[in-house]
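# Structure at a glance
Listed here are the chains, written in short residue letters.
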Amino acid sequence: MADEKSLSFNQVREISNTGTFNNLAATILDVRSAAEVDGGRIPNAVNIPIGELGQALGLATDQFKKNYQFVLPERNSKTEALLIYCKSGTRTKMARDILEKDGYKDNLYVYLGGWDEFSVLDKK
């Protein structure tokens, strides 16, 4: 994945505040465990633990929404972006690979600094 697909803290904070990225509606997906998310998350992020992601992608839209209370952007949407993050970047890379194999590419972005970076910098 090209470097322009990796976002900075400032870009992620802006997405969290506005719900948009480059004039696209944006979903922030946290792939940490539910217990980790309970300890703090990027504001307005939604959660699918990395261990559930592959199976979740195979669900019908109505079942997905029932299970996770949101709808993922369409694959390679021209109007919606999907940003993924975890604690420190390792699971983000795994999630990126899963999502790319499922057809996401053009509208898929990563935040490799993860919650570790965001939780520190957002307090400054």
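Reading guide: rules and limits
Residues numbered from 1 in each chain as written. Predicted model: local features only at pLDDT ≥ 70, side-chain atom pairs only at ≥ 80, totals over all residues. Heavy atoms only, no water. Helix = DSSP H or I, 4+ residues; strand = E, 2+ residues; numbered from the N terminus. Buried < 20%, exposed > 50% of the residue type's maximum accessible area, 1.4 Å probe, protein only. Contact = heavy atoms within 4.5 Å. Phe/Tyr/Trp six-rings, centres within 6.5 Å; stacked < 30°, edge-to-face > 60°. Lys NZ or Arg CZ within 6 Å of the ring centre and 35° of its normal.

## Regarding the side chain of Thr27
- Along the chain, the position of Thr27 falls in strand β2 (residues 24–30).
- Exposure remark for Thr27: the relative accessible area of 17% places this residue in the buried category.
- Contacts of Thr27, omitting those with residues within four sequence positions, involve Val46, Phe70, Pro73, Ala81, Leu82 and Leu83.

## Overview of the packing of aromatic side chains
- Within the structure shown, the criterion is met by five aromatic pairs.
- With a centroid separation of 5.2 Å and 55 degrees between ring planes, the pair formed by Phe9 and Phe118 is classed as tilted. Taken together, the residues span a long stretch of sequence, with Phe9 in helix α1 (residues 9–18) and Phe118 in helix α6 (residues 114–121) at a distance of 109 residues.
- The class of Phe9 is buried, set by a relative accessible area of 9%.
- Ring geometry for Phe21 against Tyr109: centres 4.8 Å apart, planes inclined by 70 degrees, an arrangement best described as edge-to-face. Of this pair, Phe21 sits in strand β1 (residues 20–21) while Tyr109 sits in strand β5 (residues 108–111), placing them 88 residues apart in sequence. You'll find Phe21 and Tyr109 in the same group, each marked buried.
- In this structure an aromatic cluster arises from ring pairing among Phe9, Trp115 and Phe118.
- Over the ring of Tyr109 we find Lys5, and its NZ or CZ is 4.5 Å from the ring centre.

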